[in-house]
Amino acid sequence: MKVLVVSHNFPRFAGDPAGAFVARLAGALGQRGVDVRAVVPHAAGLAEADTIEGVPVRRVRYGPDRWERVAYTGQLHRSAFSKPATALMLVPFLLALRRAVRQEAAQFQPDLIHAHWWFPGGWAALAAGRPVVVTCHGSDVRLLEHSRLARLLGRGVLRKAAAVTAVSQFLLDGVAAQSGPLRETLVTRMPIDLPVFEAGRAVAKADPPIVLYAGNLVPTKGVDTLLDAIGILVGRGIRVRLRILGQGGEEGRLRARAEQLGLGSVVEWSPFLPQQAMPAEYGRASVTVLPSRGGTEGLGLTLVEALAAGSAVVGTRSGGIPEVVEDELTGRLVPPDHPGALADALVSLLSNPGELARLTEQGQRRVSREYGVDAAVTTFLELFRRVAPD
C-alpha cells in the first residue's frame, strides 16, 4: 500500500514537537510495510527534500525564507478566515501546497492520501483525485464552529473525504454537528512516544511536591483557576510548589495574580521546553493539572504524556479531557472555574500517597494500551484498507 501524508505541521528538525505525532504515525506505518511519503510546508533554513522518521519528505516553498511564516506558528487556524492581512502569504501558501500535492500524487500514485487537519491539508489533498482520509485535531474543528466561511468550505472537504477521523469523540461529534452526514467516521488516537515518556518514571519526585501545568497561557486554559487553587492550599498550610511551563498573552496578568495571592515564592515560571525535556518534568511532578474551560480542549494530550511519565493527573470536565481522565479511575475530574473543587482534589492526592499511586498506575496502563504506536497503526491500517480501492 502507498500512502501520501499531507500536513501543515511536521517536525522541522530532530526533537521538534511541531506535528511530531504526524511524523511518528507516518514512520510507524512505514515500519509495517506501507510505502509512505509526506508533503509539508517549507520554513526558513530547511532543505526542500528531507527524511524524517524514515519517511521521504517534500517541503513546499511558497515564498522567500523571511516570508514563509504561515505554517509552524500556531496561528494558521486562528487567522486564516478572520484576519485579512494574513492573505498576503496565505494564498500563495495554499496554492503552492495544493499544486505540490497534485504533483506528488501524480508521480507517487498513492492508494490514498492521509490529510491531517481538514484545512489546509484536506482541502489540498482533494485536488489530487485520490481517496482522502482526513484526521481532525482540534483547531480545525474550532474553525468550523467560529467561521461561516470556514463551515462552507469545510463541509465540502469533509463530505468528499472517504473517511473522517478525529483524535477524540468530543471532536468527532463537533465535526458531525457542523458538517452533516459523512461517509465514514472514526475516533483515532494519535500515538505518543511511550518509551521516551516512560523514562520519566525513573525521576525522583520533588520535595515539596510539584503541581505542574504545561501549555499555552491563554484564557481558555484556566491557569488563573489553578493559581487560586494553589492559593487555597498554601492558606491551609500545605507544602507545595506550582511549576508553570508555557507562554502566551495571559502571562503578565497571571504573574500579577500570583503576586496578589502571595505566591511569589511558590510559583516557578518557565517558557516552553524541548520535547525531550518533558519526561523529566512530568516525572518530578506529583500531579499535572489541565484546568481548561469552555469546551475548547480537544483531548488533553498533556495529561496522556504526564500519565505515561508517572505523574498523577487532574483535569476539568471540559471538551475531550474526560476521555483521558476517568474520575477516580485514571485521575480526578473537577468542574471548570472552581478553585475550591480543584484545591480539594489536589489535597486528596497530595495527602494520600496510596491513592495517588493507584490512580497513576491505572492511568499508565490505559495510556500504554490506547496511545501507543502499535494501537494507532493498527487502527489506521484497518481504515486505509477499507477505503483504498482494490
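Scroll up a little and you will see the structure.
Keep in mind that what you see is a predicted model, and the values were worked out from it rather than measured. Starting afresh in each chain, residues are numbered from 1 along the sequence in its written order. Totals for whole chains, interfaces and linings use all residues, but because this is a predicted model, local features are given only for residues with pLDDT of at least 70 and pairs of side-chain atoms are given and counted only at 80 or more. Just so you know, side-chain values use all the structure's heavy atoms and leave hydrogens and water out.

Moving on, we come to the overall build of the protein chain. For the protein chain, the helix and strand inventory stands at 15 helices and 14 strands. Radius of gyration: C-alpha atoms only; globule rule: 2.2 Å multiplied by the number of residues to the exponent 0.38. By the compact-globule yardstick of 21 Å for 390 residues, the protein chain fits well, its C-alpha radius of gyration being 21 Å. With the C-alpha coordinates of the protein chain rotated into their principal frame, the extents come out at 65 × 45 × 40 Å. Buried positions account for 55% of the 390 residues belonging to the protein chain. In what follows, a contact means two residues having at least one pair of non-hydrogen atoms within 4.5 Å. Sequence separation of 24 or more characterises 68% of the internal contacts of the protein chain that already satisfy a separation of 6 or more. Under the convention used here, a 1.4 Å probe and the Shrake-Rupley method define accessible areas, while residue burial counts only the protein chains that appear. Carbon together with sulfur atoms contributes 52% to the accessible area of the protein chain, which is approximately 15,800 Å² in total. Working definition: helices are DSSP H or I runs of at least four residues, strands are E runs of at least two. Numbering for both runs from the N terminus. Summary of the burial criterion: residues with accessible area below 20% of their type's maximum are buried, those above 50% are exposed, and those between are partly exposed, where the area comes from a 1.4 Å probe applied to protein chains only.

With respect to the helices, strands and loops of the structure, Ala100 is situated in helix 3 (residues 87-108). Residues Ala100 and Val3 lie 97 residues apart in sequence; the distance between their C-alpha atoms is 15 Å. If we ignore the near neighbours within four places in the chain, the residues touching Ala100 are Val39, Arg58 and Val60.

What follows covers the packing of aromatic side chains. Each pair of aromatic rings taken from Phe, Tyr and Trp, with Trp reduced to its six-membered ring, is defined by centres within 6.5 Å and is described as stacked if the planes are under 30 degrees apart, edge-to-face if over 60, and tilted in the remaining cases. Tallied over the full model, the rule gives five aromatic pairs. Centre to centre, the rings of Tyr62 and Phe93 are 5.0 Å apart; their planes meet at 75°, and the pair counts as edge-to-face. Of this pair, Tyr62 sits in the loop between strand 4 (55-60) and helix 2 (76-79) while Phe93 sits in helix 3, and the two are 31 residues apart along the sequence. Assessed through its relative accessible area of 1%, Phe93 is described here as buried. Each ring, one from Phe197 and one from Tyr282, has its centre 6.2 Å from the other, and the planes form 45°; the classification is tilted.

What follows is about the packing of helix 9 (residues 223-235) against helix 13 (residues 339-350). Any two packed helices are characterised by the angle at which their axes cross and by the distance between the axes. Orientation of helix 9 relative to helix 13, taken along the N-to-C sense of each, is 55°, at an axis distance of 8 Å. Of the possible angle classes, the one that applies to helix 9 and helix 13 is oblique. For the element pair helix 9 and helix 13, the recorded crossing hand is right-handed. From helix 9, Thr225, Leu226, Asp228, Ala229, Ile230, Ile232 and Leu233 reach across to helix 13, where they touch Pro339, Gly340, Leu342, Ala343, Leu346, Val347 and Leu350. Under the convention adopted here, Pro, Cys and the residues Ala, Val, Leu, Ile, Met, Phe, Trp and Tyr are nonpolar, Asp, Glu, Lys and Arg are charged, and Gly plus all remaining residues are polar. Looking at the contact of helix 9 with helix 13 residue by residue, the classes come out as eleven nonpolar, two polar and one charged. Axis angles are defined between N-to-C directions and span 0 to 180 degrees, where every axis is a line fitted to C-alpha atoms and, for a helix, only to the segment in contact. To sort the angles, those under 35 degrees are grouped as roughly parallel, those over 145 as roughly antiparallel, those from 65 to 115 as roughly perpendicular, and the leftovers as oblique. Handedness of a crossing is defined here by the sense of rotation of the near helix relative to the far one, left-handed for an anticlockwise turn of less than a right angle and right-handed for a clockwise turn.

In this structure, Ala376 sits in helix 15 (residues 373-387). The sequence separation of Ala376 and Gln109 amounts to 267 residues, and the corresponding C-alpha distance is 24 Å. Contact partners of Ala376, with chain neighbours within four places excluded, come to Leu25, Arg189 and Pro191.

To continue, consider the side chain of Asp16. Position of Asp16 relative to the elements: it lies in the loop between strand 1 (2-6) and helix 1 (20-31). One polar contact links Asp16 to Arg12, side chain to side chain, over a distance of 2.7 Å. Of note is the side chain of Asp16, whose polar atom sits 3.3 Å from the backbone nitrogen of Ala18. Residues contacting Asp16, with those up to four places away along its chain left out, are Phe10 and Pro11. Under the rule applied, a polar contact is a pair of N or O atoms within 3.5 Å (in protein, one hydrogen donor and one hydrogen acceptor; residues adjacent in sequence only if both atoms are side-chain atoms).

Before going further, it helps to examine the pattern of salt bridges. Any two side chains of opposite charge can pair, on the condition that their charged atoms come close. Each salt bridge in this description consists of a side-chain nitrogen of Lys or Arg and a carboxyl oxygen of Asp or Glu lying within 4 Å of one another. Throughout the structure, instances matching the rule amount to 29 salt bridges. With a closest N to O distance of 3.8 Å, Glu68 and Arg61 form a salt bridge. Here Arg255 and Glu251 are joined by a salt bridge, their closest N and O atoms 3.0 Å apart. Placement of the pair is Arg255 and Glu251 together in helix 10 (residues 251-260), with a separation of four residues, close to one helical turn.

Before going further, it helps to examine the packing of helix 5 (residues 139-146) against helix 7 (residues 169-179). Where helix 5 meets helix 7, the closest approach of the two axes is 10 Å, and the angle between their N-to-C directions is 35°. Handedness of the crossing formed by helix 5 with helix 7: left-handed. Between helix 5 and helix 7, the contacting residues are Val141, Leu144 and Glu145 on the first element and Leu171, Gly174, Val175 and Gln178 on the second. Of the residues that constitute the contact of helix 5 with helix 7, the class distribution is four nonpolar, two polar and one charged.

Attention shifts here to the pairing of strand 13 (residues 312-316). Here strand 13 lies mainly inside the structure; five of its five residues are buried. Of the two faces of strand 13, the one lined by Ala312, Val314 and Thr316 and the one lined by Val313 and Gly315 are each fully buried. One ladder, built from four bridges, connects strand 12 (residues 287-290) with strand 13; its direction is parallel. Paired with Val287 across the two strands is Ala312, which belongs to strand 13. DSSP calls a pair of strands paired once it identifies at least 2 bridges connecting them.

So, about the sheet that holds strand 7 (residues 163-166). Reading across the sheet, the eight strands line up as 3-4-2-1-5-6-7-8 and stay open at both edges, with mixed pairing between neighbours. Of all strands in the sheet, those bounded by a partner on one side alone are strand 3 (49-52) and strand 8 (185-187). Along the sheet, successive strands turn relative to each other by an average axial angle of 25°, direction set aside. Sitting on the sheet, helix 4 (residues 118-125) is in contact with strand 1, strand 5 (112-116) and strand 6 (132-136), with an inclination near 160° to strand 5.

Our next topic: the sheet that holds strand 10 (residues 241-245). In spatial order, the strands read 11-10-9-12-13-14; together these six strands make up an open sheet with parallel pairing. Both outer strands of the open sheet, strand 11 (267-270) and strand 14 (332-334), are each paired with one neighbouring strand and no more. Strand-to-strand twist across the sheet, computed as the mean angle between neighbouring axes with direction ignored, equals 20°. Across four bridges, the pairing between strand 10 and strand 11 is parallel. Bridged to Arg243 within strand 11 is Glu268.

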